[in-house]
Amino acid sequence: MVDALPTPHALRDAVPLSDATQGTVERARADIREILHGADRRWLVVVGPCSVHDVDAAREYAAQLHALQQEVSSSLLLVMRVYVEKPRTRLGWTGLLHDPGLDGSGRVNDGLRIARALFEEINAMGLPVATEFVDPVVADYLQDLVAWSAIGARTVESPLHRQMASGLACPVGFKNSTSGDVTAAINGMISAGATHRVLTIDDDGRAAVRQTPGNPDTHLILRGGTRPNADRHSVHVASAAVARERLVPRVMIDCGHGNAGPSGAQTVVLEDIIRRVQGRNEDMTHVLGIMLESHLEEGRQLFVPGVPMRPGQSITDACVSLEDTRRLLRELARALG
Ligand SMILES: O=C[C@H](O)[C@H](O)COP(=O)(O)O
Ligand SMILES: C=C(OP(=O)(O)O)C(=O)O
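Residues numbered from 1 in each chain as written. Chains lettered and ligands numbered in written order. Predicted model: local features only at pLDDT ≥ 70, side-chain atom pairs only at ≥ 80, totals over all residues.

1. Quick word on the site of ligand 1
Part 1 of the reasoning: Taken together, the neighbourhood of ligand 1 is formed by C50, K86, P87, R88, T89, G92, H257, T316 and D317.
Part 2 of the reasoning: Across the shell around ligand 1, the residue classes break down as two nonpolar, four polar and three charged. (Near = placed C-beta within 6 Å. Nonpolar A, V, L, I, M, F, W, Y, C, P; charged D, E, K, R; others polar.)

Right, dumping it as structure tokens:
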């Protein structure tokens, strides 16, 4: 079975970039670059659901996060995780873009349009959007709406993803691999910094070759692996490794994934980081921000295709509740001063 997709041009015509959104995206990209390169001392906080499965709940979450942004903006730059594609370890739901009906019917045409409209709406509120491009083709449809993007632990060694990152106009975080090794991410950042000739599609959907400019705005994300790597020693080792390569010498700590452990204790990881900031620990000078998986409700629910899911609770990884997110981010902002 082969279904035609709209061209990137046609999708942008159907869901255009508003002036408000363009302003949000450009400001946020510029602010993030300043954070990466040390001109802005705030921390970058990439926070939001592990995955979006309900658009109304994502809108509600965005409105609440936007309100919080006003309070903490002198210490933190909040960028909302609006993850519409999920890379799976084996099998599982691969995200709203691939399956907006949550029933396995796989209406990707609808998913692309829904994702683009949601990205536009959240940006138009004044809240920038972060996402992981799992399929490089998706970037051709959505990247004008994205302030920050991740290359995940499962794709960090992929040449295609590194080449995609070299052509993205936004800053990109590279995660350490699922084993915990940071070498693939560092190699990925070096590769993304160079120009490549990439096979892709053009705005009219034709197969094309694009020469990428190279992306100087990349950074490392510590997400743990076979053991956590949010501790002082790991931060020191990782930041020294990126500095040796003359890459952005500070790192982001992901409070989830391999750092949260099987019980999903992101709050424990973040509380420890807050204590280290309060204690003026030297390792915290090598940190540029955090990632937190957070949703309206705490935890996760088991996804069963075709069965109605609760709107505000994750159907992928366990999330911190919005209430705890507010409390923790306020504490972090106070600690950073
Ligand atoms: O962030 C989400 C998940 O950790 C990632 O998609 C892998 O999920 P899985 O191991 O449940 O497939
Ligand atoms: C899939 C994710 O993370 P990782 O690549 O670290 O597993 C994620 O952040 O959604």
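There is more to say, and it comes next.
2. Focus on the site of ligand 2
Part 1 of the reasoning: In the vicinity of ligand 2, the residues found are C50, Y83, P87, E132, G152, A153, R154, K175, R223 and H257.
Part 2 of the reasoning: For the shell around ligand 2, the per-class residue count stands at four nonpolar, two polar and four charged.

3. Examining the packing of helix α9 (residues 266–278) against helix α10 (residues 322–336)
Part 1 of the reasoning: α10 packs onto α9 with a crossing angle of 15° between their chain directions and a minimal axis gap of 8 Å. Relative to α10, the element α9 is oriented roughly parallel. The crossing of α9 and α10 is left-handed. Across from T267, L270, I274, V277 and Q278 in α9, the residues of α10 making contact are D324, L328, E331, L332, A335 and L336.
Part 2 of the reasoning: Class assignment of the residues belonging to the contact of α9 with α10 gives a composition of seven nonpolar, two polar and two charged. (Axes fitted to C-alpha atoms, helices over the stretch in contact; angles between N-to-C directions. Helix = DSSP H or I, 4+ residues; strand = E, 2+ residues; numbered from the N terminus. Parallel < 35°, antiparallel > 145°, perpendicular 65-115°, else oblique. Left-handed = near helix turned anticlockwise from the far one by under 90°. Contact = placed C-beta atoms within 7 Å.)

4. A closer look at helix α7 (residues 183–192)
Part 1 of the reasoning: For α7, the set of buried residues is A184, A185, I186, G188, M189 and A192.
Part 2 of the reasoning: Looking at the buried side of α7, the elements it contacts are β4 (148–151), α6 (159–167), β5 (172–175), β8 (218–222) and α8 (232–244). (Buried ≥ 20, exposed ≤ 12 C-beta atoms within 10 Å, placed from the backbone.)

5. Things to note about the nonpolar core
Part 1 of the reasoning: Core analysis: the biggest nonpolar cluster contains 97 residues, and V45, V79, M80, V82, L220 and V251 have the highest contact counts within it.
Part 2 of the reasoning: Each residue touching V251, except ones within four places of it in the same chain, is listed here: H219, L220, I221, L222, V235, A238, S239, V242, H286, V287 and L288. (Core = buried A, V, L, I, M, F, W, Y, C linked by C-beta atoms within 7 Å.)

6. Quick look at the pairing of β8
Part 1 of the reasoning: Counting buried positions along β8 gives five out of five residues, so the element sits mostly inside the fold.
Part 2 of the reasoning: Alternating residues of β8 divide into T218, L220 and L222 and H219 and I221, and every residue in both groups is buried.
Part 3 of the reasoning: Note that β8 and strand β9 (residues 251–254) share three bridges and pair parallel. Within β9, the position partnered with L222 by the bridge is I253.
Part 4 of the reasoning: Handedness of the β-α-β unit built from β8, α8 and β9 comes out right-handed. (Pairing = 2+ DSSP bridges. Right-handed = clockwise from strand over helix to strand, strands pointing away.)

7. Quick notes on the confidence of the model for the protein
Part 1 of the reasoning: On average, residues of the protein carry a pLDDT of 97, and 99% of them reach 70 or more.
Part 2 of the reasoning: Interface scoring of the predicted complex returns ipTM 0.98; its pTM is 0.98. (pLDDT = per-residue confidence, 0-100.)

8. Details of the environment of G312
Part 1 of the reasoning: Tracing the backbone shows G312 in the loop between β10 (287–295) and β11 (320–321).
Part 2 of the reasoning: Separated by 259 residues in sequence, G312 and H53 have C-alpha atoms that sit 8.7 Å apart.
Part 3 of the reasoning: Excluding residues that lie within four positions of it along the chain, G312 makes contacts with A57, H295, L296 and E297.

9. Here we look at the pairing of β5
Part 1 of the reasoning: Here β5 shows two buried faces, one formed by V172 and F174 and the other by G173 and K175.
Part 2 of the reasoning: Viewed along the sheet, the connection from β4 through α6 into β5 turns out right-handed.
Part 3 of the reasoning: Sheet topology places β5 next to β8; four bridges connect them, and they run parallel. By the bridge assignment for β8, K175 is matched with I221.

10. Describing the packing of helix α2 (residues 19–36) against helix α4 (residues 108–125)
Part 1 of the reasoning: Their axes nearest at 8 Å, the elements α2 and α4 cross at an angle of 75°. In terms of orientation, α2 and α4 fall into the roughly perpendicular class. For the pair α2 and α4, contact is made by A20, T21, T24 and V25 and by E120, N123 and A124, respectively.
Part 2 of the reasoning: Taken together, the residues of the contact of α2 with α4 sort by class into three nonpolar, three polar and one charged.

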